[in-house]
Amino acid sequence: IIIGICSIMKDAASDKTMIVLLIASVVLIILNEIMEEEKAIAWTDGFGIFLAVAVVVLVQTVNEYQKEKQFQKLNQSAESEKIVLCKRRGIIGNLNPGELVVGDVLKIESGKTIPVDGLLIVGKEVMADESSMTGESHELKKATLLECVNRIEQLTKEKEIISEMNVHTIPSPVPVSYTHLTLPTKAQVQISVGAGSLKN
C-alpha cells in the first residue's frame, strides 16, 4: 500500500505545473533572503507556494488512491460474477470459467452468464436469452435431450411438417455460452460441459 501511495504521489509531483511552482518557490526564497531586510520572514512567500504545491499533490494522491481502490473492487466484483459452481468427479466447488474441462457439471442460477456451451441435463421451464449471440429477440426454450427427442416424436405423430418445426416449437438441449437463462424462482439448472465448447 505504501509503495502504491508513493508511486501515485510521485506521479502527481511530476506534473510540469507542480515542478515549475516548486522551482519558483525555491527561487523566491533565495531572492527574498538576499534582497529582503527582514531575514526572519523573507522565506514565507516562497514557503507559501511550496506549501500550496504540497497540499495539491496530497489531494491528488488521495483522490487517485481512492479511484484505484474502487477500480480494484469493481474488478474483484466482476471476477466473482464469473465464478461458477461446478461438480467434478463427485466433488463440488467454485471454479473460474478458464479452469473448466469437458465433463464438468455446472449449476447455473437464473440471470447468470453461461460460461461455456454445454448440454442441459437438469432443468424445468428453462428459457434462454440468446440475443447477444444470435440477434434473436425472443427467449428460446431449453430442455434436456430426452425431452427434446420426445417433443420431436410427439410432433411427428401429430404429423407436424418437419420443415415447419423451429426453435420456438422444439426446445434445444444446448445452452450457448455468453447468454443468459431465465428460470423459475430460486431454480437452478445443471449443464454438462461438452467437447469443443470451452472458450477463453
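Before reading on, note that the structure itself is shown above.
From a predicted model like this one, the values you see are computed outputs, not experimental measurements. (Residues numbered from 1 in each chain as written. Predicted model: local features only at pLDDT ≥ 70, side-chain atom pairs only at ≥ 80, totals over all residues. Heavy atoms only, no water.)

Asks: Which residues make up the overall build of the protein, and what are the values?
Replies: The secondary structure content of the protein amounts to five helices and eight strands. Starting at the N terminus, the α and β elements of the protein follow one another as α-α-α-β-β-β-β-β-α-β-α-β-β. Sequence separation of 24 or more characterises 64% of the internal contacts of the protein that already satisfy a separation of 6 or more. Carbon and sulfur atoms form 61% of the exposed surface of the protein, whose accessible area is close to 13,500 Å². (Helix = DSSP H or I, 4+ residues; strand = E, 2+ residues; numbered from the N terminus. Contact = heavy atoms within 4.5 Å. Areas by Shrake-Rupley, 256 points an atom, 1.4 Å probe, with all protein chains shown as cover.)

Asks: Describe the nonpolar core, naming the residues involved and giving the relevant values.
Replies: Ranked by size, the top nonpolar core spans 15 residues in total, and within it Leu100, Leu106, Ile108, Leu181 and Ile191 carry the most contacts. When contributions to this core are tallied by element, the ones reaching two or more residues are strand 1 (84-88), strand 3 (105-109), strand 5 (126-129) and strand 8 (188-193). (Core = buried A, V, L, I, M, F, W, Y, C linked by side-chain atoms within 4.5 Å. Buried < 20%, exposed > 50% of the residue type's maximum accessible area, 1.4 Å probe, protein only.)

Asks: I'd like to hear about the sheet that holds strand 5, residue by residue, with values.
Replies: Spatially, the three strands line up as an open sheet ordered 6-5-7, and their pairing is antiparallel. A single partner strand is all that each edge strand has here, and the edge strands are strand 6 (140-142) and strand 7 (180-182). Across the sheet, the mean angle separating the axes of adjacent strands is 40 degrees when strand polarity is ignored. Of the pairings in the sheet, the one linking strand 5 to strand 7 comprises three bridges and is antiparallel in character. In the strand pairing of strand 7, Ala128 is matched with Leu181. (Pairing = 2+ DSSP bridges. Axes fitted to C-alpha atoms, helices over the stretch in contact; angles between N-to-C directions.)

Asks: Quick one: what's the story with the environment of Val84, residue by residue and with numbers?
Replies: Tracing the sequence through the fold places Val84 in strand 1. Put simply, Val84 and Leu100 are 16 residues apart on the chain and 9.4 Å apart in space, counted from C-alpha to C-alpha. With residues near it in sequence (within four places) discarded, Val84 still touches Gly93, Asn94, Leu95, Leu100, Leu106, Ile108 and Pro115.

Asks: Break down the pairing of strand 1 for me, citing the residues and quoting the values.
Replies: Judged from the five bridges that link them, strand 1 and strand 2 (residues 91-95) form a sheet pairing that is antiparallel. The partner of Leu85 across the bridge, within strand 2, is Asn94. Bridge analysis of strand 1 against strand 3 gives three bridges, and the strand direction is antiparallel. Looking at strand 3, one finds that Cys86 is bridged to Leu106.

Asks: I'd like a description of unusual backbone geometry, backed by residues and values.
Replies: One non-glycine residue, Arg89, lies in the positive phi region at around 55 degrees. Examined against the element boundaries, Arg89 turns out to sit in the loop between strand 1 and strand 2. Judged by its relative accessible area of 83%, Arg89 falls in the exposed class. Even without a glycine there, the phi angle at Tyr178 is positive, about 65 degrees. You can see Tyr178 is positioned in the loop between helix 5 (145-157) and strand 7. Judged by its relative accessible area of 36%, Tyr178 is partly exposed.

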